[in-house]
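Close look at the chain arrangement
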Amino acid sequence: MPFYEAIRLAFAQIRVQKLKSFFTLLGVMIGVMFLIAVVSIVSGMGNYMKDELVGKLIALNSFELRQRPNLNIGDVNEAERRSWRTRPRIYEYDIPPVVAALAPGTLAAEYSSNNVSAESQYGTPRRVNAYGVSDQYFTIKRMDVALGRLPSPTEYALGSSVVVIGKDVQDHFFPNLDPLGRQIKLAGMPYTIIGVAETQGSAFGMSFDGFVVAPARSPIRRQLNPHGVVDALIVQSPTEAGINDNEERVREVMRARHQLHPEQKDDFTMETSDSALAFWKKIQGYLVLAGIALPAIGLVVGAIVIMNIMLVAVAERTREIGIRKALGARRRDILRQFLVESTTLATLGAAIGVAMGFGFAKIISALSPLPAAVELWSVLLGVSVGAGVGIIAGVYPASRAALLDPIAALRQE
Amino acid sequence: MSQHAAEAPVSSTAERAAVVSQPGNAPDSKWVIVTRGIQRHYDMGGEIVRALRGVDIAIARNEYVAIMGPSGSGKSTLMNVIGCLDTPTSGEYWLNGTLVSEMSDDELARIRNKEIGFVFQTFNLLPRATALHNVELPLVYAGIGADERRKRAKEALERVQLDGRMDHRPNELSGGQRQRVAIARALVNRPSILLADEPTGNLDSATSEEIMKVFEELATSGQTVIMVTHEPDIAAHARRVVVLRDGLVATDDRREAFTERIGM
């Protein structure tokens, strides 16, 4: 009996026993559903980490020169963490020589941030994230204003008291008002609002829009740069290939400035998105493994269910098997018939499970901060897993069917 | 019992005796079935049951033979051997000039598909398939494509006057109709022999006569028919009756001699 005949026969059999078939494929369906949901969520998280979270925090093709790493998603021990605190800081006077050494076409911006108190006439006082930046900051971060304008080169040079505020800040301090031209007090110092930034979105439920950005040399410098300390210098290379080159240039300048001997390690950090992501990649593997435990259990149960139901089916259809053999079915015809039946059933269950898994993942991503990505390869994975379960579960019942003695089988019932 | 004109037998006693006593020689094409010394023993937990103790039978093409015997005579076992559902413990079974008694399971399956048409007492149709699909089944296992299958199945159903009921399921058919479907199925692959096991056992007497008429028509048109039964009435419809007793052939003669002997 050729394959397509067997598959047609399998579907006819499923149609005849719809409820029984449904219960048979329930286990595989649930197992695959969880598998797809886990894969979607974990891979969605991976994409999210890469593109949104880290990608937003660390701009494209860039690294940040800092005293120590900022994004603490690494597994660092206490001793190392303590050693970081003893490092020299980055200072305002380090910036010009470093920038001078960069490759042509490279953009660079210093920034420092801190929580400061903010006040306006219209909203209760509150703390905001204040950033003091140099003029290429907005370009590097691909941040633009939805309202108003960015600071001008003169304003950067003079340290004028102008500020660009985030959407949350506008909503809280200037509800239903046009904030442009109005004043907001940052750490007691009055600033004129010249722009409202585009919304930056949120990650894991935390909004990114509760910030204010002002020129680095403006009065807020006293809060953000005590003793001339700068939090970071972002260096954005024109191409991915240029990152290493710029890293070397910066390293050379900083090591000279810190008077490091060749055998001493760097006492500063150049943080790239890769290093920030390294730890995520590691736990991603563990997450996937742990997340597969649940579907694996579902699939094992599904396989056992299928095997048992197929054994019952073979017992109930013994006479039918006898008839087929009497009419000329060879052992392999009967084997194929039942194996195809169990595999078709399991694959059908897996297909439904894939659809449900995507639905499940979408629901989770809609109701929680967890993101979910629909990956095409996981469809193939789910269906293959289903087919595999069907084959493994069906082998024993199918071979029992194939080995039946036709004379005895015909006597049944 | 209906009147049949006495006809010249297809094979004579002398010819048959000659062909069964040539062990190792392939019989010539006149003979569809030749068995030489067929024995079939079963080991039932230490005790040996000898169902067949040395059966010699020769059946020529176009013969209409009944194999009769009481329960325990071995007729079912002989039918299973002839039908290639079972392999003899010893002895030769030649089907159409091929030595079948030593074939593998797969080869036997192929022979069943191509050479044997079974008709069972309990019809043995697939309950959830239509009449047409039931008749197509041997062709499925013969590897025939869907269009050709449909055509040949329809022709077979026409032959038994059931083409109007092709799409009915067995539970929508009467007993007589079901058996006709079974006969159509048995004929669809143009087998060498039609092997019927108590085909009227589950039918009332009127329907039984109908079905026996079908077999008569098939036999007249050239089909080799072997009918296994324990009822003398039914056996008398065939042109030759072989009587088995205790695993051996007791008598083997023409219908007229048989009916005379048992006083019908």
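Residues numbered from 1 in each chain as written. Chains lettered and ligands numbered in written order. Predicted model: local features only at pLDDT ≥ 70, side-chain atom pairs only at ≥ 80, totals over all residues.

**Some points on the overall build of chain A**
Along its length, chain A carries 14 helices and 14 strands. Here the C-alpha atoms of chain A give a radius of gyration of 32 Å, more than 25% beyond the 22 Å that 2.2 N^0.38 yields for 413 residues. In terms of principal-axis extent, the alpha carbons of chain A reach across some 100 × 60 × 35 Å. Residues classed as buried in chain A amount to 40% of the 413 residues present. Pairs at least 24 residues apart make up 84% of the contacts formed inside chain A by residues separated by at least 6 positions. (Helix = DSSP H or I, 4+ residues; strand = E, 2+ residues; numbered from the N terminus. Rg over C-alpha atoms; globule rule 2.2 N^0.38 Å. Buried ≥ 20, exposed ≤ 12 C-beta atoms within 10 Å, placed from the backbone. Contact = placed C-beta atoms within 7 Å.)

**Describing the domain arrangement of chain A**
Domain annotation for chain A reports domain 1 (3–53 + 278–410) and domain 2 (62–272). For domain 1 of chain A and domain 2 of chain A, the distance between their C-alpha centroids amounts to 53 Å. (Domains from an automatic or database assignment.)

**Considering the sheet that holds strand S2 (residues 47–60) of chain B**
Here four strands make up an open sheet; going across it, the order is S2-S1-S4-S5 (chain B) and the pairing antiparallel. A strand with exactly one partner marks an edge of an open sheet, and here the two such strands are S2 and strand S5 (98–99) of chain B. (Pairing = 2+ DSSP bridges.)

**Remarks on the environment of Ala 12 of chain A**
By the element assignment, Ala 12 of chain A lies in helix H1 (residues 3–16). With 329 residues separating them in the primary sequence, Ala 12 of chain A and Glu 341 of chain A have C-alpha atoms 9.8 Å apart.

**Focus: the packing of helix H12 (residues 331–367) of chain A against helix H13 (residues 376–402) of chain A**
Residues and elements named next belong to chain A. Between H12 and H13, the shortest axis-to-axis distance is 7 Å and the interhelical angle comes to 150°. Taken together, the axes of H12 and H13 are roughly antiparallel relative to one another. For the pair H12 and H13, the crossing hand works out as right-handed. Of the residues assigned to the contact of H12 with H13, the class counts are 21 nonpolar, eleven polar and one charged. (Axes fitted to C-alpha atoms, helices over the stretch in contact; angles between N-to-C directions. Parallel < 35°, antiparallel > 145°, perpendicular 65-115°, else oblique. Left-handed = near helix turned anticlockwise from the far one by under 90°. Nonpolar A, V, L, I, M, F, W, Y, C, P; charged D, E, K, R; others polar.)

**Observations regarding the interface of chain B and chain A**
Each side of the interface is counted separately: chain B has 18 residues, and chain A has 16 residues. At the level of secondary structure, the elements contributing two or more residues to the side of chain B that touches chain A comprise helix H3 (105–115) and helix H4 (131–141) of chain B. Broken down by element, the side of chain B that touches chain A gets its largest block of residues, six residues, from H3 of chain B.

**Considerations on the sheet that holds strand S7 (residues 193–197) of chain B**
Residue and element names in this part refer to chain B. Judged by pairing direction, the sheet is mixed, and its six strands sit side by side in the order S6-S7-S8-S3-S9-S10 without closing on themselves. Where the open sheet ends on each side, the last strands, each with one partner, are strand S6 (116–119) and strand S10 (248–254). Strand-to-strand, the axes of this sheet are offset by a mean angle of 20°, without reference to chain direction. In this fold helix H9 (residues 255–262) packs onto strand S9 (240–245) and S10, with an angle of close to 115° to the strand it touches most, S10.

**Details of the pairing of strand S8 (residues 224–229) of chain B**
Residues and elements named next belong to chain B. Counting buried positions along S8 gives six out of six residues, so the element sits mostly inside the fold. Here S8 shows a buried face lined by Thr 224, Ile 226 and Val 228 and a second buried face lined by Val 225, Met 227 and Thr 229. Sheet topology places strand S3 (residues 64–68) next to S8; five bridges connect them, and they run parallel. Residue pairing across strands places Met 68 opposite Thr 229, the latter belonging to S8. Alignment of S7 against S8, held across five bridges, turns out to be parallel. By the bridge assignment for S8, Ala 196 is matched with Met 227. The handedness of the S7 to S8 crossover, carried by helix H7 (residues 205–220), is right-handed. (Right-handed = clockwise from strand over helix to strand, strands pointing away.)

**Description of the packing of H4 of chain B against helix H5 (residues 146–159) of chain B**
All names here are of chain B. Interhelical geometry of H4 versus H5 gives an angle of 120° and a closest axis separation of 9 Å. In terms of their interaxial angle, H4 and H5 are classed as oblique. The chirality of how H4 crosses H5 is right-handed. Between H4 and H5, the residues in contact are Ala 131, Leu 132, Val 135, Glu 136, Leu 139 and Val 140 and Arg 149, Arg 152, Ala 153, Ala 156 and Leu 157, respectively.

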